[in-house]
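One-letter residues, chain by chain:
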Amino acid sequence: MPKPGDAEFGDTEPGNPSPYIGRFAPSPTGPLHAGSLVAALASYLDARAAHGQWLLRIEDIDPPREIPGASDLILTQLDAHGLHWDGTACYQSQRLEYYLSALKNLAAQNLLFACTCTRERVRANAGQYDGSCRAHLIQAKDISIAADNATPPNNAAAHTSTSTRIRTDAHSLIAFDDLIKGPQRVDLHTAGGDFIVRRRDQLFAYQLAVAVDDAEQNISHVLRGGDLLDSTPRQIFLINLLDSPATPPRYGHIPMMVNQDDQKLSKQHHAPSLELGAPGENLYHALEWLNQSPPQALLGANPDEVLDWAINHWDRGQVTSVERKPYDLDKPS
Ligand code: GLU
Ligand code: ZN
């Protein structure tokens, strides 16, 4: 029997395939750009080629970073590109009780502690957390939702205005077989160490929320941007602790899309918003970038035609395992 952390853990048994459930999980920090389109498209095609479901999750648990209207714009952009999700979109802001109960569960396992260390202090230690606050254990009964999930409650419990970290000294060796990058092996204890599951401002950390949701929604496959490869061991670690029986998804990380100056495409680097004028062409270029070699004849086709071809010809093995891959921004996004 594979155990959590084994490389083959999470593999679908050949004779007993678990249903394929994929997802795309954008943060509403801005509209989709060419880099988010390739991530959406890769996960969509992988799901549809496997006759699986494809869910949409809006990761709106970081209000300070959100741009008003971005969630709706993302839905519109996906729709315009024919990337239709199954069921209704799920919003992390509506799921805070799940994250809270996950924290209580972890606290009951004596794994959470209140950390007062500054980011500078951790950075000065080459990003490795030294475990210095471990004695400040957090009890499940002391964990509550802050009034608006951003302000600490008035009757601040001992851990408010401190961040919450999880101990990584046990079961910290995580191995997984990336669908694109191949076998990965990380010891969390030495790769950063105890990590934050609830931030100093009492917002739930991305790592916690995404692990809870992937487990709770029975996500079987996650294809996403290569910038998240480092996060994956933390998410597997959390799912192994929270989910019983633990069934982390299979993960595949596509290259990180960079501009001509080798900067990751992002809002900070002024990646242009995905235009709605020529969605078929945007998809065509995204397919080229994913090395799917779409036939020239598809240039000018509508999104549904492009996607039909792409589902039938999807070959995950063609997506290169390089870390960063440039994109020519002069092309239509
Ligand atoms: N919300 C994350 C982002 O926009 C992606 C999370 C994920 O796919 O796990 O980068
Ligand atoms: Zn600390």
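Residues numbered from 1 in each chain as written. Chains lettered and ligands numbered in written order. Predicted model: local features only at pLDDT ≥ 70, side-chain atom pairs only at ≥ 80, totals over all residues. Heavy atoms only, no water.

Regarding the packing of aromatic side chains
The tally for this structure, following the rule as stated, stands at six aromatic pairs. With 5.9 Å between their ring centres and 25 degrees between their planes, F113 and Y129 make a pair best called stacked. With F113 in strand β4 (residues 112-115) and Y129 in the loop between α4 (119-124) and β5 (163-166), the pair connects residues that are 16 residues apart, well separated along the chain. Y129 shares its class with F113; the two are buried. On the numbers, 6.3 Å between centres and 70 degrees between planes, the contact of F176 with Y251 is edge-to-face. Taken together, the positions of F176 in strand β6 (residues 173-178) and Y251 in strand β10 (residues 250-254) put the pair 75 residues apart, joining distant regions of the chain. (Phe/Tyr/Trp six-rings, centres within 6.5 Å; stacked < 30°, edge-to-face > 60°. Helix = DSSP H or I, 4+ residues; strand = E, 2+ residues; numbered from the N terminus. Buried < 20%, exposed > 50% of the residue type's maximum accessible area, 1.4 Å probe, protein only.)

Some points on the sheet that holds strand β8 (residues 195-198)
The strand order across the open sheet formed by three strands is β4-β5-β8, and the pairing between neighbours is antiparallel. The sheet is open, and its two edges are formed by β4 and β8, each paired on a single side. If you compare each strand with its neighbour and ignore which way they point, the axes differ by 50 degrees on average. (Pairing = 2+ DSSP bridges. Axes fitted to C-alpha atoms, helices over the stretch in contact; angles between N-to-C directions.)

Here we look at the coordination of the zinc ion (ligand 2)
Bound to the zinc ion (ligand 2) are the protein donor atoms C115 (SG), C117 (SG), Y129 (OH) and C133 (SG), situated 2.1 to 2.4 Å from the metal. Angles of 101 to 121 degrees at the metal separate the four donor atoms of the zinc ion (ligand 2), which places the site in the tetrahedral class. Ordering the donors of the zinc ion (ligand 2) by residue number gives the pattern C-x1-C-x11-Y-x3-C. Placement of the pair is C115 in strand β4 and C133 in the loop between α4 and β5, with a sequence separation of 18 residues. On the basis of relative accessibility, which here comes to 0%, the residue C115 falls in the buried class. (Donors = N, O, S within 2.8 Å, 3.2 Å for Na, K, Ca; no water. Tetrahedral: all angles 85-135°; square planar, octahedral: opposite > 155°, others 65-115°.)

Quick notes on the pattern of salt bridges
Applying the stated criterion to the full structure yields 18 salt bridges. In this structure, R23 engages D214 in a salt bridge whose closest nitrogen and oxygen atoms are separated by 3.0 Å. Taken as a pair, R23 in strand β1 (residues 21-24) and D214 in helix α5 (residues 206-216) lie far apart in primary sequence, 191 residues in all. Residue class for D214 comes out buried when judged on its relative accessible area of 1%. Three or more residues are tied together by salt bridges with common partners; here these are R23, R57, E59, R95, D213, D214 and E216. (Salt bridge = Lys/Arg side-chain N within 4 Å of Asp/Glu carboxyl O.)

Re the confidence of the model for the chain
On average, residues of the chain carry a pLDDT of 90, and 89% of them reach 70 or more. Considering only residues more than four positions removed or in separate chains, one finds that residues 1-13, a stretch of pLDDT under 50, has 25 contacts. This stretch, residues 147-159, has a pLDDT under 50; its non-local contacts, to residues over four places away or in other chains, come to 22 contacts. (pLDDT = per-residue confidence, 0-100. Contact = heavy atoms within 4.5 Å.)

Describing helix α8 (residues 303-313)
Taken as a whole, α8 has its buried residues at P303, V306, L307, W309 and A310. For α8, the arc enclosing every buried residue in end-on projection is 160 degrees, short of the 170-degree limit, so these residues lie on one face. If you follow the buried residues of α8, they end up packed against α1 (34-49), α2 (70-80) and α7 (279-289). Between the side-chain oxygen at the start of α8 and the backbone nitrogen of D304 there is a gap of 3.1 Å, and the oxygen is on N302. (Arc of directions from axis to C-beta. Polar contact = N/O pair within 3.5 Å; in protein donor to acceptor, adjacent residues only side chain to side chain.)

Here's the deal with the nonpolar core
Within the largest apolar cluster, 45 residues are counted, with the highest numbers of intra-cluster contacts made by L41, W54, L78, L83, I254 and L290. Elements with a contribution of two residues or more to this core: α1, β2 (53-58), α2, α7 and α8. Residue contributions to this core peak at 10 residues, all from α1. Dropping the residues within four chain positions of it, L78 is found in contact with F24, L32, A40, W54, L56, L83 and W85. Membership of the second largest hydrophobic core comes to 36 residues, among which are L100, F204, L238 and Y251. (Core = buried A, V, L, I, M, F, W, Y, C linked by side-chain atoms within 4.5 Å.)

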